[in-house]
Amino acid sequence: YLVTGGSGFCGVEIVKFLLHKKEKVRVLDIEPLPEELRGKVEFIQADIRDKKKVDEACKNIDRIIHTVAKVPISKAGKEFWGVNVEGTRNVLEAALKNKVKKVVHISTSAVQFLPSPVDEYAPYKPIGDYAKSKLDGELVCREYIKKGLDVDIIRPRTVLGTGRLGIFDIFFGWISKGKNIYILGNGKNKIQFLHSEDLASCCYLSSLKKGSNIFNIGSKDFSSLREDLQWLLNYADTGSKIISMPTNFSIMILKLLDVLHLSPLASWHYLTFHKDFYFTNERAKKVLGWKPRYGNREIFKISYDSYLKNKSRMNKYGTSHRKPLKQGILKLLKLLP
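Computed from a predicted model, the values in this text were never measured in an experiment.

Chemist: Got a sec to walk through the packing of aromatic side chains? Specific residues and values, please.
Modeler: Per the counting criterion, the structure on display carries twelve aromatic pairs. Here the aromatic rings of F193 and F300 are separated by 5.2 Å at their centres, their planes lie at 55 degrees, and the arrangement is tilted. Of this pair, F193 sits in strand β9 (residues 193–195) while F300 sits in helix α11 (residues 296–310); the two residues are 107 residues apart in sequence, bridging distant segments of the chain. Classification of F193 by relative accessible area gives buried; the value is 3%. Since its relative accessible area comes to 2%, F300 is described here as buried. With a centroid separation of 5.9 Å and 75 degrees between ring planes, the pair formed by F277 and F279 is classed as edge-to-face. K147 extends its terminal NZ or CZ atom over the ring of Y144, reaching a point 4.2 Å from the ring centre.

Chemist: Any chance you could break down the pairing of strand β8 (residues 181–184) for me, citing the residues and the numbers?
Modeler: Side chains I181 and I183 of β8 all project onto a buried face; the interleaved residues Y182 and L184 project onto the opposite face, where all are buried too. Across four bridges, β8 lies against strand β11 (residues 242–245) in parallel orientation. By the bridge assignment for β11, I181 is matched with I242.

Chemist: Can you tell me about helix α6 (residues 196–208), naming the residues and giving the values?
Modeler: The terminal C-alpha atoms of α6, which comprises 13 residues, lie 19 Å apart, in line with the 18 Å expected from a rise of 1.5 Å per residue. For α6, the buried fraction is high: ten of the 13 residues fall into the buried class. Of all the residues in α6, the buried ones are S196, D198, L199, A200, S201, C202, C203, Y204, S206 and S207.

Chemist: Tell me what's going on with the packing of helix α5 (residues 167–176) against helix α7 (residues 225–236), and back it up with residues and numbers.
Modeler: With their axes 10 Å apart at the nearest point, α5 and α7 run at an angle of 45 degrees to one another. Viewed along their axes, α5 and α7 adopt a mutual orientation that is oblique. Where α5 abuts α7, its residues F171, F172 and I175 lie against L229, L232, L233 and A236. Residue composition of the contact of α5 with α7, grouped by class: seven nonpolar, no polar and no charged.

Chemist: An account of unusual backbone geometry is requested, with residue identities and associated values reported.
Modeler: Here S116 and P117 are connected by a cis peptide whose omega angle stands at 0 degrees. Take P117: it is sitting in the loop between β5 (102–106) and α4 (128–146). Phi is positive for N60, which is not a glycine, with a value near 60 degrees. Inspection of the secondary structure puts N60 in the loop between α2 (51–57) and β4 (63–66). Notably, N281 is not glycine yet its phi reads approximately 70 degrees, a positive angle. For N281, the location among the structural elements is in the loop between α9 (267–270) and α10 (282–288). With relative accessibility at 3%, the residue N281 sits in the buried group.

Chemist: Any chance you could break down the pattern of salt bridges for me, citing the residues and the numbers?
Modeler: With the rule as written, the count across this model stands at 15 salt bridges. A salt bridge links D55 to K59, with the nearest nitrogen and oxygen atoms 3.4 Å apart. Exposure remark for D55: the relative accessible area of 13% places this residue in the buried category. A salt bridge links E79 to K70, with the nearest nitrogen and oxygen atoms 3.3 Å apart. Here the salt bridges share partners, and the residues they tie into one network are D55, K59 and K97.

So, how was this worked out
- Residues numbered from 1 in each chain as written.
- Predicted model: local features only at pLDDT ≥ 70, side-chain atom pairs only at ≥ 80, totals over all residues.
- Heavy atoms only, no water.
- Phe/Tyr/Trp six-rings, centres within 6.5 Å; stacked < 30°, edge-to-face > 60°.
- Helix = DSSP H or I, 4+ residues; strand = E, 2+ residues; numbered from the N terminus.
- Buried < 20%, exposed > 50% of the residue type's maximum accessible area, 1.4 Å probe, protein only.
- Lys NZ or Arg CZ within 6 Å of the ring centre and 35° of its normal.
- Pairing = 2+ DSSP bridges.
- Expected span 1.5 Å × (residues − 1).
- Axes fitted to C-alpha atoms, helices over the stretch in contact; angles between N-to-C directions.
- Parallel < 35°, antiparallel > 145°, perpendicular 65-115°, else oblique.
- Contact = heavy atoms within 4.5 Å.
- Nonpolar A, V, L, I, M, F, W, Y, C, P; charged D, E, K, R; others polar.
- Salt bridge = Lys/Arg side-chain N within 4 Å of Asp/Glu carboxyl O.

If you want it as structure tokens, here you go:
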């Protein structure tokens, strides 16, 4: 196997899953390998935009799981397309050249922000530049499927699990200190998450299945955002409370702060998290025999416990989801009663 982005949050979980299955793994990433993987995999340190290095990484490879992406909090501008589209093209071209049996491309649920539940063949409706670039990445996959390459596209809901930081570093940090948690609207909307182990198991099953498919995947079960979040606050027992913010006014302010580069939140966060967004998992269950192990609440618990256990030695390297995030002006919310 080749895992692109194997030093990132999702990539690490996928590599660990493959190693557990006794598979031989090569990793390509611009970031160094985390300590937990060193000596266990072959490693090529390179940028996904480097065609020569990508081609080298694909030699003598049977299957590829492509996780590399610039994520929303990176606010990467034109780099979204350089990495998420042209980087994907480099991988697929090298896979075709080297006669790779299967490519599993990890896309995003953000390409289809539609009334839920959303199925695999609903229309595209991307929110923000990140989602638009990932949509274009999917279109590149479709190009190579027509050329004869076997490619699956997996669209996961927001992925959490052991070691997840990024925007959730702020969220878990505030809870651990007993600070209030602010949401847009009343929180009665249903938002589904996904555990990184369930993503890894789906990628593995997908990599073994002949024929190109698309799979929308999310957690086993979930309630409303307010109910699931209140469950976590009760579990944490730090005194944190949920505070509802007026939706339209808050979106206007967050959009302004985003434009002024004063907030870590991107359009994907403040334009979607007050609405329903979930999948049924039916296609992955039927075609792959995949079943998620974790529901939202267990995912929250595992992720929060991991944060508490490791906050004193947080990773200072790696991709966006493995790093603590600068809070910007949002840290002022901690001062509110």
